[in-house]
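Per-entry structural report
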Amino acid sequence: MHDADLLHEREYVAGLYARLDELREEKREQLAQVRRAGAVGTMQNVSERDAFAALYEDRLAQLDAVDDRLVFGRLDLDSGEAQYIGRIGLSTTDLQRLMVDWRAPEAGHFYQATAFDRQGVRRRRHLILQGRDVKAIEDDVLDASMLTDSDSLQGEGALLAALNSKRTGRMSDIVGTIQSEQDRIIRSSISGALVVQGGPGTGKTAVALHRAAYLLYTHRDRLKSAGVLLVGPSSSFMNYIERVLPSLGETGVVMASLGRLMPGIHAVPEADPDVAALKGKLDMAEVVANAVANRQRTPAKDSILEVDSRKLTLTVRQVRRARDKARATGKPHNEARVTFVKILLRELTEQLTEIVEASNIGNNADRSYLAEDVRSARDVRIMLNLCWMPMTPEKLVSELFSKPAILEACTPHLTPEQRALLLRPADAPWTEADVPLLDEAAELLGELDPAAGRGLAQQEHDRARDLANAKQTLANMEAMGVDVLMTAEELAEQNQEREARLTAAERATSDRSWAFGHIVVDEAQELSPMQWRLLVRRCPLKSFTIVGDIAQTSSSAGANSWQSALAPSFGDRWQLEELTVNYRTPSQIAEAAVRMANRAGLVVSAPKAVREGKWAPIVDRVDPDGIVDRLVAVLPDELEALDGGLLAVIADGGLLPRAASALRGIYGHRVGSGAGSYSQDIVVISPREAKGLEFDGVVVLEPAAMLNHEHAKVGDLYVAMTRPTQRLRLIAAAPLPAGIER
């Protein structure tokens, strides 16, 4: 029976791949035809051509991304129907369903059905593929009447095979092995903020990514145009996970690290934890507001301005009155400046007119040129800028931290020592802690050129015309039987004149004021209050999936509890879900990490490990100068034990470059370090860079340094110890932190 079943599944899966190839070829030919047509004809014709091209390109990208493990499951139902579950939905040309999309409601039974709650499922079958071939099948028989004496309940084979497979340096999806508690969270309501707390190895990141794909599928009308933002702790982390969403059938999610959330800014990590902590406090919002107000000044005394050889007086009272009226508009700084300038130019023009008329008694000549004389006078321009300088966010924040007088004026609540920490050269690189401050400044300053808003009526007229054309285009497409996957608003945006067609994700990346429909935050425990303030501004609906583990907080600006982290932005409008099973870390290693954390005074969740590994943690004690030498000596044993698996060497401080240099001298190009190096056999990284990643084996250098460093938390060592899926080794000169060894 097993051989017959396996043969049947191979034939069926071959048919699914044949249908996938057929659809690909169909879309390629349709796209080629559209491109051959060229941009000719009426505006309506061009609009329709672009709409078809966008449709075919998006569909091709989806079809190309799901080739690996296209189908992974089958449900045998009480009705006698067999449903195949895969990465996307597939049907025949006459709309007979061949495979159900894993995100569809009926596919939920594949993850949720149990022998106690069958949900109409008699048997769940896991299809284990290698390439396009079915290599094995695993059955969970939920209906006892299907069992015979020769039947065996397997069930966990697919999961354990995935857990024991070698790491590749890139994250893989878990769509074929999602467990019940994970699936329940993935399919939770989109409303409000959902916090997913989970210890190491519980699949938090995988759940977050699958939830993003599920929400885009289920709420496509709402999210297709607004988009979903996925925020991670670092660029290396984003590189690690970048292939998962396309493999799940989604290609339009905006993925950004915290340092890339301000368009045009590529921020680096903040080197000093004390500085990061200061900049992360909510008080900094008031500091930025003070910096903006500091650029709205009144002179100490009345000023004499020369306009065309005539002397005009600008009084302190006039400036103060114009400033108060401009502020009363409630507009951002650069936009309110128009009101300020307009008032003072009018008053100075009136003063100049009185002088001219007094010197030309009885002359009624046109005086309209006087307004331009005042506007263009050098003294007037200088004085107006000194009183109300137009600013960019970059210039405002740069001057705040590089000019001691401005910093002191804007931070009355800080001590001299704290101000000294914040001071830096004007050309210093932007850091991740600066990004929320730049965003706050942009919000308060507004557009640098308020005149950019002129012609708004014409813009609205053009948009109305484009929208009408788009609606007619989509109606024509539907009449031709084309399945339309975009709205008229999206099509109108795509057909605006531009050098290249931009997706919603690309537009969102370049637009600071873009409002997303949903935001997923991974490693959320690391975010500062100011970073939360930035993210909530990006999603006014406050629809969030927040994923993390408080015990792994290593940032000095990070959270000690979800309540303290979220209360300022969400109040009590969030709910907590907890993942309780550790799928990654072998039980011996997980237990040692938990014991260490508990002995260090940290209360951590201890998710139950699903498997026991081959090795308990290995500890090498060496002399203070022998850590790197010992690493070099034991590395061949580690590589042999892992049999081609991915090995990480995790170190902090000066040990990091020393270890990388020593290993490169022996293993050459097989050694990588820092962001983007995870495809090498051996990776040398810090605990911060390792956050969220996983490796077959890990060697931790001087664990006590990660625990006792002045600014670190227990989270650094806890993170390092919980990265391996197979083997952990610790090389220590200082006394080993308590709890690691029994």
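Residues numbered from 1 in each chain as written. Predicted model: local features only at pLDDT ≥ 70, side-chain atom pairs only at ≥ 80, totals over all residues. Heavy atoms only, no water.

Here we look at the environment of Ala567
Turning to its location among the elements, Ala567 is positioned in helix H24 (residues 562-570). The exposure class of Ala567 is partly exposed, given its relative accessible area of 28%. Along the backbone, Ala567 and Pro529 are 38 residues apart, and their C-alpha atoms lie at a distance of 9.8 Å. (Helix = DSSP H or I, 4+ residues; strand = E, 2+ residues; numbered from the N terminus. Buried < 20%, exposed > 50% of the residue type's maximum accessible area, 1.4 Å probe, protein only.)

Observations regarding helix H23 (residues 529-538)
Across the 10 residues of H23, seven count as buried, placing the element largely inside the fold. Taken as a whole, H23 has its buried residues at Met530, Gln531, Trp532, Leu534, Leu535, Val536 and Arg538.

A short note on the sheet that holds strand S17 (residues 618-621)
With parallel pairing, six strands are arranged side by side in an open sheet as S17-S22-S21-S18-S20-S19. The two strands at the open ends of the sheet, each matched to only one other strand, are S17 and strand S19 (671-673). With strand direction ignored, the average angle separating the axes of adjacent strands in the sheet is 20 degrees. As paired strands, strand S21 (residues 695-701) and strand S22 (residues 724-732) are joined by six bridges and run parallel to one another. Counterpart to Gly697 in the pairing with S22 is Arg727. Contacts from helix H26 (residues 627-642) reach S17, strand S18 (647-650), strand S20 (682-685), S21 and S22, with the element oriented near 160 degrees to S22. Lying on the sheet, helix H27 (residues 655-667) is in contact with S18, S19, S20 and S21; it crosses S20 at an angle near 160 degrees. (Pairing = 2+ DSSP bridges. Axes fitted to C-alpha atoms, helices over the stretch in contact; angles between N-to-C directions. Contact = heavy atoms within 4.5 Å.)

Quick notes on the sheet that holds strand S14 (residues 574-579)
Strand order across the open sheet formed by six strands is S9-S8-S12-S13-S7-S14, with parallel pairing between neighbours. Each having just a single partner strand, strand S9 (254-257) and S14 make up the two edges of the open sheet. Direction aside, neighbouring strands of the sheet carry axes that sit 15 degrees apart on average. Pairing geometry for strand S7 (residues 193-198) and S14, over six bridges, is parallel. Paired with Leu194 across the bridge in S14 is Gln575. Here helix H6 (residues 204-218) sits on the sheet in contact with S7, strand S8 (228-232), strand S12 (518-521), strand S13 (544-548) and S14, set at roughly 165 degrees to S13.

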